[in-house]
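Analysis of the macromolecular model
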Amino acid sequence: MESFIQQVNEAANHLASRLPVHPRIAIILGTGLGAAADSIEGAAAIPYSQIPHFPVSTAPGHEGRLIGGEWAGRPVLIMQGRFHLYEGYTPLQISFPIRVMARLGIRTLIVSNAAGGLNPNFRAGDLMLVSDHINLTGRNPLVGPNADSWGPRFPEMTEPYCRGLQQLALDTALRERILLHRGVYVGVLGPSLETAAETRMLRILGADAVGMSLVMENITAVHAGIRVLGLSVITNVNLPDNYQPAPVEQIIATANAAAPGLHHLMDRVLARPYQQGYLTVGPGCVPAGVGGAYPPPPTGQDEQLPNRLQGKSDGLSGSGSSRTGWNSDSNRKADQYRAGSADGVVFDEGPDAAGAGSDAEAAA
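As a starting point, this report considers the structure included with it. (Residues numbered from 1 in each chain as written. Predicted model: local features only at pLDDT ≥ 70, side-chain atom pairs only at ≥ 80, totals over all residues. Heavy atoms only, no water.)

Let us now look at the nonpolar core. The tendency in soluble globular proteins is for nonpolar side chains to be buried side by side. Core analysis: the largest hydrophobic core is formed by 49 residues, its most contacted members being Met 101 and Leu 109. If you list the elements that add at least two residues to this core, you get helix H1 (2-16), strand S1 (25-29), strand S4 (74-80), helix H2 (91-104), strand S5 (108-117), strand S6 (127-135), helix H5 (215-224) and strand S9 (227-237). Residues contacting Leu 109, with those up to four places away along its chain left out, are Ala 26, Ile 27, Ile 28, Ile 98, Met 101, Ala 221, Ile 226, Arg 227, Val 228 and Leu 229. In terms of nonpolar packing, the next biggest core, distinct from the first, is built from 27 residues, Ala 169, Leu 231, Ala 258 and Met 266 among them. (Core = buried A, V, L, I, M, F, W, Y, C linked by side-chain atoms within 4.5 Å. Buried < 20%, exposed > 50% of the residue type's maximum accessible area, 1.4 Å probe, protein only. Helix = DSSP H or I, 4+ residues; strand = E, 2+ residues; numbered from the N terminus. Contact = heavy atoms within 4.5 Å.)

The next thing to look at is empty space enclosed by the protein. In this structure the tally under the stated criterion is two cavities of 30 Å³ or more. Space inside the largest cavity adds up to approximately 80 Å³. The biggest single contributor to the lining of the largest cavity is H5, with three residues. Residues belonging to the lining of the largest cavity are distributed by class as follows: eight nonpolar, three polar and one charged. Looking at which element gives the most residues to the lining of the second largest cavity, the answer is H2, with four residues. In terms of residue class, the lining of the second largest cavity is built from nine nonpolar, no polar and no charged. (1 Å grid on protein atoms, 1.4 Å probe; cavity = no way out; pocket = protein on both sides within 12 Å on 5 of 7 lines; lining within 4 Å. Points joined across faces, edges and corners; volume = space filled by probe spheres on them. Nonpolar A, V, L, I, M, F, W, Y, C, P; charged D, E, K, R; others polar.)

Now for H2. Given a rise of 1.5 Å per residue, 14 residues ought to cover 20 Å, and the 21 Å separating the end C-alpha atoms of H2 matches this to within 8%. When you tally the buried positions in H2, you get twelve out of 14 residues, the bulk of the element. Buried within H2 are the following residues: Pro 91, Ile 94, Ser 95, Phe 96, Pro 97, Ile 98, Arg 99, Val 100, Met 101, Ala 102, Arg 103 and Leu 104. On its buried side, H2 packs onto H1, S1, S4, S5 and H5. (Expected span 1.5 Å × (residues − 1).)

Within the secondary structure layout, Ile 106 lies in the loop between H2 and S5. Residue class for Ile 106 comes out buried when judged on its relative accessible area of 5%. Note: C-alpha distance between Ile 106 and Pro 23 (83 residues apart in sequence) is 6.6 Å. Here Ile 106 is in contact with Pro 23, Arg 24, Ile 25, Ala 26, Leu 77, Met 101 and Ile 226, once residues within four sequence places are set aside.

Attention shifts here to the side chain of Thr 137. By secondary structure assignment, the location of Thr 137 is in the loop between S6 and helix H3 (163-176). Only 3.1 Å separates the side chain of Thr 137 from the backbone nitrogen of Arg 139, close enough to count as a polar contact. Thr 137 has contacts with Leu 85, Gly 187, Val 188, Leu 189 and Met 216, leaving out every residue within four places of it along the chain. (Polar contact = N/O pair within 3.5 Å; in protein donor to acceptor, adjacent residues only side chain to side chain.)

Empty space within the second largest pocket amounts to approximately 530 Å³. Secondary-structure elements contributing two or more residues to the lining of the second largest pocket are S5, strand S8 (209-211), S9 and helix H6 (248-271). Broken down by element, the residue count for the lining of the second largest pocket peaks at five residues, all from S5. Residue composition of the lining of the second largest pocket, grouped by class: 15 nonpolar, 13 polar and two charged.

In structure tokens form, the structure reads like this:
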């Protein structure tokens, strides 16, 4: 484990010396969705092969680049392509980029992917907000020795996808007239696609979409104290009694066609003007004490920022919403988000806000 920690630190230090921004938001773009990064301003693209110890993408539709720049006026770090268990990577290797993100100071992770629809109300090209997931991969990135400085041995998974960020996305989709379903994602090992019988079983289990990514990343992020927003592009919908082939070329083509809608949604989410200051990490997104012992980002990073980025808003923070009364309380919470209340989601501002966040946590 010590060797793995050292590799994470080496990769983070390398990126800190090359990135033009100091991001607090990271975005992972999945199969066929890499074009969403084309509008990044002041972008610096770094191939995965140039980052020490970083895995390399081998899956179709994954370009394999890390991009730093501005999106909707906010510094972001974008993974243009991800890694999968079916490529032969271990869960620990898949967790590596998330660990590097945490080392760089990322507080919020937006994960996107292409997924097969299980809900008969979905259509190819629809967007789905991930509300929860089912892990049927038989794998977990936290198996083995635990680095206590990174997170607890048994992390809480009551809220793997931040409810505050979910509400922000839903509210934004409503404002922008974007159809956004909300459902449960089931992660499977792959690379073979599901049989009709397996599809029927997954639907009975309560899943709305199925895919071969996202779960390892989410578990690692929750362990590290990073808030997660999950978005899936539904590339095909197969009904068990009318099963149709879903060739990878069709999946990539559908994801490419849906990418502008996903891009627009993420652009509007990032552009939402919320109140200033840090919001304490409360039980609404990440359990208290999780991920709090990560070392600070590599020193000297702030001095490397262009003047135009100094002091800019640099991240999404979490929600203090309660774990109870989610459905019955959603209208009240939506009103609070529109008003920018302390119970909503805010953007991080400036280094002096850390103390305010600590005071808020003590008062919570």
